[in-house]
Amino acid sequence: MKVVIMAGGKGTRISSLFSDIPKPMIKIDDRPVLEHEIECLRRQGFTDIIITISHLGKVITDYFGDGSGVSPATGKPFGVNIEYFNEEVPLGNAGALFKLKDKLTDDFLLLNADAIFDIDFRRFVNYHKSHGGDVTLFTHPNSHPYDSGLIIADDNSRVLSWLTKEDPRPEYYDNRVNAGLHVLSPRVLEESNISPDEVGMPGPDGKPLKVDLDRKLLKPLAGTGKMYCYDSPEYVKDMGTPERFESVRKDFLSGIVASKNLCNRQKAIFLDRDGTLNRYVGFLRDIKEFELLPGVSEAIRLINASGYLAVVITNQPVIARGEVTVEQLDEIHKKMATELGKDGAYLDAVYYCPHHPDKGFEGEVAELKFDCDCRKPKPGLLLRAASDLNIDLSESYMIGDSHIDVEAGENAGCKASFLIPRNEDDALLDCVRSILQ
């Protein structure tokens with residue numbers, strides 16, 4: 001599979017630190033960011049690369065050449081084949097794709113060169129192929145969803161809408177942000193009604209015609225059933241400002257960036273919901289009663305910064321009891337994500353059991369009334385999360401306000417399980433600190 005890396009941006013926001021080199025050539029651990037990206041691809045067998053260049057592009061071509069040489073930083077072979085497309089006039093961040101159209105005859109990876117990432121690309125590509133869409137977006141939660149573009153998707157991960165940070169958004173929403181990594185089918189270019197000959201030519205205003213990837217090609221596919229999102233907790237962060245660069249540099253040097261690749265076994269801190277994250281009110285039926293406990297956002301921020309995954313494991317028998325619909329529960333979880341996001345915290349995943357073993361109640365959902373393997377204290381939800389996210393349960397923890405949470409963690413083989421006081425302010429924070437110290 002070909003890989004197109006867009007490396008032509010000027011990086012104006014970070015130019016105060018690095019004004020004489022293109023943004024992808026900024027060094028972390030004595031190697032350019034772009035070299036880290038190429039190495040991640042090469043390790044997984046993605047060696048056929050096209051790099052689009054413009055601003056100070058010669059710095060990139062002089063360093064990497066055609067990919068057959070050795071790294072000036074490490075002395076080791078790059079081990080890839082590199083072609084370049086030089087934008088002599090600005091074409092927008094997708095214009096080059098139309099000039100390369102004859103080379104892009106099969107599905108291809110399209111990546112930004114201005115981010116730090118280390119992800120399992122084979123898993124990403126396999127997901128794309130299994131869903132059969134024209135586009136798959138790599139999506140993830142981040143610490144500032146309130147000022148990020150949001151992807152709204154259905155239960156099958158089909159993208160329903162794409163909200164820019166300027167667009168009106170719902171009161172509550174999933175923390176699902178487009179990370180700038182994509183798998184595209186050439187059909188996206190073929191069906192766009194944009195001619196390669198038009199790109200870069202003067203338009204009605206006399207300026208060269210540019211093509212914006214998000215607005216012209218991808219956003220119009222929302223709601224068509226042709227575009228999917230791939231939710232992942234792996235590390236992808238923009239380094240466009242001095243502050244963000246310093247943050248990702250620290251994460252890289254500490255090993256967090258590489259460790260979050262799902263090729264590697266993950267560590268998780270599993271969290272009960274009611275009484276642990278939000279105030280316990282018995283069976284939570286009304287979204288208005290959902291209230292995060294004091295200290296919870298700070299606790300989850302600590303987990304986010306630690307390299308552990310933050311994964312919620314919760315019994316929700318209100319579904320089987322017919323007291324809350326799946327859609328209503330989804331809204332409650334969106335409120336949880338939104339409130340955490342306002343505080344700079346995020347959950348990597350939420351798993352819930354909708355079942356209940358006891359039958360014979362008015363309004364119950366009969367097909368959900370059975371003795372399942374996912375209702376805590378059984379370990380089914382933890383085992384499912386471990387399978388989905390490659391989690392090493394023996395290096396993970398379970399925290400909850402009930403003995404069934406402790407028992408579920410023990411049954412799953414977690415390293416340790418913790419019982420905290422129900423509804424107590426800062427109880428989760430104190431527990432997380434004790435784990436991470």
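Each remark here, short or long, concerns the structure printed above.
Keep in mind that what you see is a predicted model, and the values were worked out from it rather than measured.

Colleague: What am I meant to see in the layout of surface pockets here?
Modeller: One water molecule sets the probe size; rolling that probe over the atoms shows where empty space is left. Computed from the structure, the second largest pocket encloses a volume of approximately 1,400 Å³. Contributing to the lining of the second largest pocket are 39 residues, with D174, R176, D231, A349 and V350 lying nearest its centre. When residues of the lining of the second largest pocket are traced back to their parent elements, those giving at least two are α4 (121–131), β8 (135–140), β12 (227–231), α10 (326–342), β16 (349–353) and α11 (380–389). Tallying contributions element by element places α10 first for the lining of the second largest pocket, with 10 residues. Residue classes in the lining of the second largest pocket are distributed as 20 nonpolar, six polar and 13 charged.

Colleague: Can you walk me through the packing of aromatic side chains in this structure?
Modeller: A ring pair, where both rings are aromatic, is described by two values, the distance of the centres and the angle of the planes. Summed over all chains, the structure comprises 11 aromatic pairs. Here the aromatic rings of Y63 and F64 are separated by 4.8 Å at their centres, their planes lie at 65°, and the arrangement is edge-to-face. With respect to class, Y63 is no different from F64; both count as buried. Ring plane angle 80° and centroid distance 5.7 Å describe the contact between F117 and F121, whose orientation is recorded as edge-to-face. Put simply, the rings of F124, Y127, F138 and Y230 touch in pairs and so form one group of aromatic residues. Above the face of the Y173 ring, R169 is positioned so that its terminal group lies 5.2 Å from the ring centre. Across from the ring centre of Y280, 3.9 Å away, lies the NZ or CZ of R422, which sits over that ring.

Colleague: I'm lost on the pattern of salt bridges in this one. Help?
Modeller: Two side chains with opposite charge may pair up if their charged atoms get near one another. Per the counting criterion, the structure on display carries 32 salt bridges. Two residues, D238 and K23, come together in a salt bridge whose shortest N-O distance is 3.5 Å. Of this pair, D238 sits in strand β13 (residues 235–238) while K23 sits in the loop between β1 (3–6) and β2 (27–28), and the two are 215 residues apart along the sequence. For the salt bridge of D272 with K376, the shortest nitrogen-to-oxygen distance reads 2.9 Å. Highlighted residues: D272 in the loop between β14 (268–271) and α9 (296–306) and K376 in the loop between β16 and α11, separated in sequence by 104 residues. Neither residue differs from the other here; D272 and K376 are each classed as buried.

Colleague: Where do I start with the pairing of strand β10 (residues 159–163) in this structure?
Modeller: Two faces, one strand: in a regular strand the side chains alternate between the faces of the sheet. When strand β9 (residues 150–153) meets β10, the two strands line up antiparallel, connected through four bridges. From the neighbouring strand, I152 faces β10, where its bridge partner is S161. Two successive antiparallel strands, β9 and β10, enclose a turn made up of five residues, where S157 displays a positive phi of approximately 70°.

Colleague: Before we go on, may I ask you to explain α4 in this structure?
Modeller: The α-helix advances 3.6 residues per turn, and as a result positions three or four apart in sequence lie on the same side. Regarding α4, the residues found buried are F121, F124, V125, Y127 and H128. With its buried residues spanning 155° around the axis, α4 presents them on a single face. α4 presents K129 and S130 as exposed residues on the side facing more than 90 degrees away from its buried surface. Those residues of α4 hidden inside the fold are in contact with α1 (33–43), β6 (108–112), β7 (115–118), β8, β11 (177–184) and β12. Between the side-chain oxygen at the start of α4 and the backbone nitrogen of R122 there is a gap of 3.3 Å, and the oxygen is on D120.

Analysis parameters
Residues numbered from 1 in each chain as written. Predicted model: local features only at pLDDT ≥ 70, side-chain atom pairs only at ≥ 80, totals over all residues. Heavy atoms only, no water. 1 Å grid on protein atoms, 1.4 Å probe; cavity = no way out; pocket = protein on both sides within 12 Å on 5 of 7 lines; lining within 4 Å. Points joined across faces, edges and corners; volume = space filled by probe spheres on them. Helix = DSSP H or I, 4+ residues; strand = E, 2+ residues; numbered from the N terminus. Nonpolar A, V, L, I, M, F, W, Y, C, P; charged D, E, K, R; others polar. Phe/Tyr/Trp six-rings, centres within 6.5 Å; stacked < 30°, edge-to-face > 60°. Buried < 20%, exposed > 50% of the residue type's maximum accessible area, 1.4 Å probe, protein only. Lys NZ or Arg CZ within 6 Å of the ring centre and 35° of its normal. Salt bridge = Lys/Arg side-chain N within 4 Å of Asp/Glu carboxyl O. Pairing = 2+ DSSP bridges. Arc of directions from axis to C-beta. Contact = heavy atoms within 4.5 Å. Polar contact = N/O pair within 3.5 Å; in protein donor to acceptor, adjacent residues only side chain to side chain.

These figures come from the coordinates and say nothing about function on their own.
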